[in-house]
Amino acid sequence: MISIDLNADLGEGFGRWRLTDDEQLLSVVTSANVACGFHAGDAATMRKVCELAAERGVRVGAQVSYRDLAGFGRRAMDLPSSELAAEVAYQIGALEVFARAAGTRVSYVKPHGALYNRVVHDEEQAAAVVDGVVLADATLPVLGLPGSRFLKVAERAGLPAVTEAFADRAYTDQGTLVPRGQDGAVITDADAVVERSVDLARTGTVVSHSGERIPVRARSLCLHGDTPGAVELARRVRAELAASGVRVEAFA
């Protein structure tokens, strides 16, 4: 039977500001990418999300980022490798405190935003992120784009490398994500997102921005929690996957 993990970016609030409906999304997803305070999130939010995830049996993942609260981690930055590695380890460690207090643990690591896209091609920055993960816990799986430098470097370092796909993002013919600044980069039609989710899970392929069918084999499917109607869309995706014979379960 085909199986797939559903992950979502959660805990993306700060102080009184809230972006995602963490409680409702945690009733749908199997893995939670928790913001660790660098692009979003704060100590109280991290603690709460870990507690809710533990109650529901959802795996907790550290979503690490460049230090960019003002830009939500989506601005390109250049950091020395040693500094980036230290900051990645720092974020994982911070989340681990709250995860363990809630009776669970950090089960994987996923880069966010500009860092996620950077390590697709940049081996030096990919190696720095991997070094940071190893510094925190050399057994942690990492989540990333199929074919990325990040996953290849992670495998060489002995980390489990887990591939993911995005049903609500457009792909280039090369299997990378269309930059958010381009028209059509984010797919907003709910029916199309649901259809693409099932297609990705069952066939390991997706139709690119140019209309070509390309391979995107993924063990996890990301559902963005900051889009309008995110909770209802996530429920529809999970229900349709089940109806199509796809088992939804955590990879970690």
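Residues numbered from 1 in each chain as written. Predicted model: local features only at pLDDT ≥ 70, side-chain atom pairs only at ≥ 80, totals over all residues. Heavy atoms only, no water.

Together, F14, W17, L19 and L69 give the surface a local cluster of nonpolar side chains, amounting to about 370 Å² of exposed area. Here W17 lies in the loop between β1 (3-10) and α1 (22-25). (Patch = residues over 30% accessible without salt bridge, like charges linked within 9 Å, V, L, I, M, F, W, Y side chains within 5 Å. Areas by Shrake-Rupley, 256 points an atom, 1.4 Å probe, with all protein chains shown as cover. Salt bridge = Lys/Arg side-chain N within 4 Å of Asp/Glu carboxyl O. Helix = DSSP H or I, 4+ residues; strand = E, 2+ residues; numbered from the N terminus.)

With that settled, consider the environment of A35. Looking at the element boundaries, A35 is found in strand β2 (residues 31-35). Here A35 falls in the buried class, since its relative accessible area comes to 0%. For the pair A35 and A201, spaced 166 residues apart in sequence, the C-alpha separation works out to 26 Å. Not counting residues up to four positions away in its chain, the partners in contact with A35 are L10, G11, E12, A40, G41, M46 and Q63. (Buried < 20%, exposed > 50% of the residue type's maximum accessible area, 1.4 Å probe, protein only. Contact = heavy atoms within 4.5 Å.)

Let us now look at the packing of helix α3 (residues 81-101) against helix α5 (residues 123-136). Across the interface, α3 lies against α5 with an axial gap of 7 Å and an inter-helix angle of 40°. Judged by the inter-axis angle, α3 sits oblique to α5. Note on packing geometry: the crossing formed by α3 with α5 is right-handed. Touching S81, L84, A85, V88, A89 and I92 of α3 are E124, Q125, A128, V129, D131, G132, V133, L135 and A136, all from α5. Grouping the amino acids of the contact of α3 with α5 by side-chain chemistry returns ten nonpolar, three polar and two charged. (Axes fitted to C-alpha atoms, helices over the stretch in contact; angles between N-to-C directions. Parallel < 35°, antiparallel > 145°, perpendicular 65-115°, else oblique. Left-handed = near helix turned anticlockwise from the far one by under 90°. Nonpolar A, V, L, I, M, F, W, Y, C, P; charged D, E, K, R; others polar.)

Our focus in this paragraph is the pattern of salt bridges. Within the structure shown, the criterion is met by 17 salt bridges. The salt bridge partner of E123 is R156, with a shortest N-O separation of 2.5 Å. A residue pair is termed long-range when its members are at least 10 positions apart, and E123 in helix α5 and R156 in helix α6 (residues 149-156) qualify at 33 residues. For E123, a relative accessible area of 31% gives the class partly exposed.

Turning to the nonpolar core, a few remarks are in order. L26, I92, L95, V133, Y171, V237 and L241 are the most contacted members of the largest nonpolar core, which totals 72 residues. Of the residues forming this core, the biggest block, six residues, is contributed by α3. Here L95 is in contact with V34, C36, M46, C50, V60, G61, A62 and V106, once residues within four sequence places are set aside. (Core = buried A, V, L, I, M, F, W, Y, C linked by side-chain atoms within 4.5 Å.)

Turning our eyes to something else, we now look at the packing of aromatic side chains. One pass over the structure, following the stated rule, counts three aromatic pairs. Ring geometry for F38 versus Y90: centroids 6.0 Å apart, planes at 45°, classification tilted. Of the two residues, F38 sits in the loop between β2 and α2 (43-56) while Y90 sits in helix α3, which places them 52 residues apart along the sequence. Under the relative-accessibility criterion, F38 is labelled buried at 4%. Looking at Y90, the relative accessible area reads 57%, which means it is exposed. (Phe/Tyr/Trp six-rings, centres within 6.5 Å; stacked < 30°, edge-to-face > 60°.)

As a packed pair, helix α7 (residues 190-203) and helix α8 (residues 230-243) sit with axes 9 Å apart at the nearest point and diverge in direction by 40°. The angle between the axes of α7 and α8 places the two elements in the oblique class. For the element pair α7 and α8, the recorded crossing hand is right-handed. Judged by residue contacts, A190, D191, V193, V194, S197, V198 and A201 of α7 engage L233, R236, V237, E240 and L241 from α8. When grouped by side-chain class, the residues that make up the contact of α7 with α8 number eight nonpolar, one polar and three charged.

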